[in-house]
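# Breakdown of the fold
Below, each chain spelled out in residue letters.
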Amino acid sequence: EECVTGQEVSVLAVTDGLTVRPLLPAQDHKRIGEGDTGPNTGGMGAYAPAPIVTPELSTRIEKEILNPTLEALKVRGIDYRGVLYAGLMITPEGNPTVLEFNCRFGDPETQAILPLLETPLDQVLLACTQQRLAQLPTITWKQGAAACVIAASKGYPGAYEKGKVITGIEQAEQHGAVVCSAGTTLKQQELVTSGGRVLGVTGTGETIAQALSVAYSAMDCIQFEGMYYRRDIGYRVLQDVD
Ligand code: GLY
């Protein structure tokens, strides 16, 4: 296999088996440690839209990756309707290379993409199931950006303890963030940890920096024993701004 280097981006698309439409591109942060160090995880934070995917690159991704993939599915007689998630590497030369495909939404990318979706999601998904995607008006998006930061259990992605009481979610939401449970459960009326990735905290704003600021202010309110989160989500974009 070819060793590809560059920046990863996640291009989630929807398809009804006949037509494929990309959603906003997102960038996940797969490594556990700041500066993209340490072992891979399911994803420690994401933002959308990912500016590395310029309109020109987006057109290329559609033409060179998404459309041919759908054609290949058709040739094989596979009537696939739903989310087609292309995990891509954008090489230093600016070329998109496929790392993987998933037949599902991405986590945490979806937490950063869906808050920006203006077209009702149910209309998009229903059009996929009924093979009406081509007739659906262009999918529209809100201005601005969204960013999701993951709170994980100490030790993740290795062994970790469960059952730690989680507090501060209401206060976090008062900062305007959306808090999604990932690895949590209710135990005697208390919300406790039950997984490696515990919560996804999403902020929105006019810029990625503003969205991150909302997410991190909200994260400051949340506590559980051993809670860990990366404090550098979006660092590539923030560096570019500086
Ligand atoms: N965030 C990576 C994935 O959903 O596979």
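Below, the structure is looked at part by part. (Residues numbered from 1 in each chain as written. Predicted model: local features only at pLDDT ≥ 70, side-chain atom pairs only at ≥ 80, totals over all residues. Heavy atoms only, no water.)

## A look at the pairing of strand β6 (residues 45-48)
Successive side chains on a regular strand alternate, one facing one side of the sheet and the next facing the other. Here β6 shows no split at all, with Gly45 and Tyr47 on one side and Ala46 and Ala48 on the other all buried. Across 2 bridges, strand β3 (residues 27-28) lies against β6 in antiparallel orientation. Note on β6: the bridge partner recorded for Gln27 is Tyr47. Where β6 and strand β9 (residues 145-152) come together, 4 bridges link them in antiparallel fashion. By the bridge assignment, Ala46 is partnered in β9 with Cys148. (Buried < 20%, exposed > 50% of the residue type's maximum accessible area, 1.4 Å probe, protein only. Helix = DSSP H or I, 4+ residues; strand = E, 2+ residues; numbered from the N terminus. Pairing = 2+ DSSP bridges.)

## Here we look at the nonpolar core
Judged by nonpolar contacts, the single largest core of 42 residues is most densely connected at Leu66 and Leu199. If one sorts the elements of this core by residue count, helix α5 (residues 208-219) sits on top with 7 residues. Leaving out residues up to four positions away in the same chain, Leu199 has contacts with Val149, Ile150, Ala151, Ile166, Ile169, Val179, Cys180, Ser181, Ala182, Thr184 and Ile222. Counting residues in each nonpolar core, the second largest holds 20 residues, with Leu23, Ala112, Val124 and Leu133 among its members. (Core = buried A, V, L, I, M, F, W, Y, C linked by side-chain atoms within 4.5 Å. Contact = heavy atoms within 4.5 Å.)

## Side note on the pattern of salt bridges
Two side chains of opposite charge can pair, provided their charged atoms sit close to one another. The full count for this structure, using the stated rule, is 10 salt bridges. Arg236 is the salt-bridge partner of Asp36, the closest N and O atoms lying 3.1 Å from each other. A residue pair is termed long-range when its members are at least 10 positions apart, and Asp36 in the loop between β4 (31-33) and β5 (37-40) and Arg236 in helix α6 (residues 235-241) qualify at 200 residues. Taking the relative accessible area as the measure of exposure, Arg236 reaches 22% and is therefore partly exposed. Between Lys164 and Glu161 there is a salt bridge, with its nearest N and O atoms 2.7 Å apart. (Salt bridge = Lys/Arg side-chain N within 4 Å of Asp/Glu carboxyl O.)

## Some thoughts on the environment of Thr138
Here Thr138 shows up in the loop between α3 (121-129) and β9. Given a relative accessible area of 65%, Thr138 falls into the exposed group. Placed 101 residues apart in sequence, Thr138 and Thr37 show a C-alpha to C-alpha distance of 39 Å. Apart from residues lying up to four places away in sequence, Thr138 is in contact with Arg21 and Thr119.

## With respect to the site of the ligand
Around the ligand, a shell composed of Asp28, Lys30, Gly42, Tyr85, Asn102, Arg104, Gly106, Asp107, Pro108 and Glu109 is seen. The backbone of Asp107 places a nitrogen or oxygen atom 2.8 Å from a nitrogen atom of the ligand. Residues belonging to the shell around the ligand are distributed by class as follows: 2 nonpolar, 3 polar and 5 charged. (Near = heavy atom within 4 Å. Polar contact = N/O pair within 3.5 Å; in protein donor to acceptor, adjacent residues only side chain to side chain. Nonpolar A, V, L, I, M, F, W, Y, C, P; charged D, E, K, R; others polar.)

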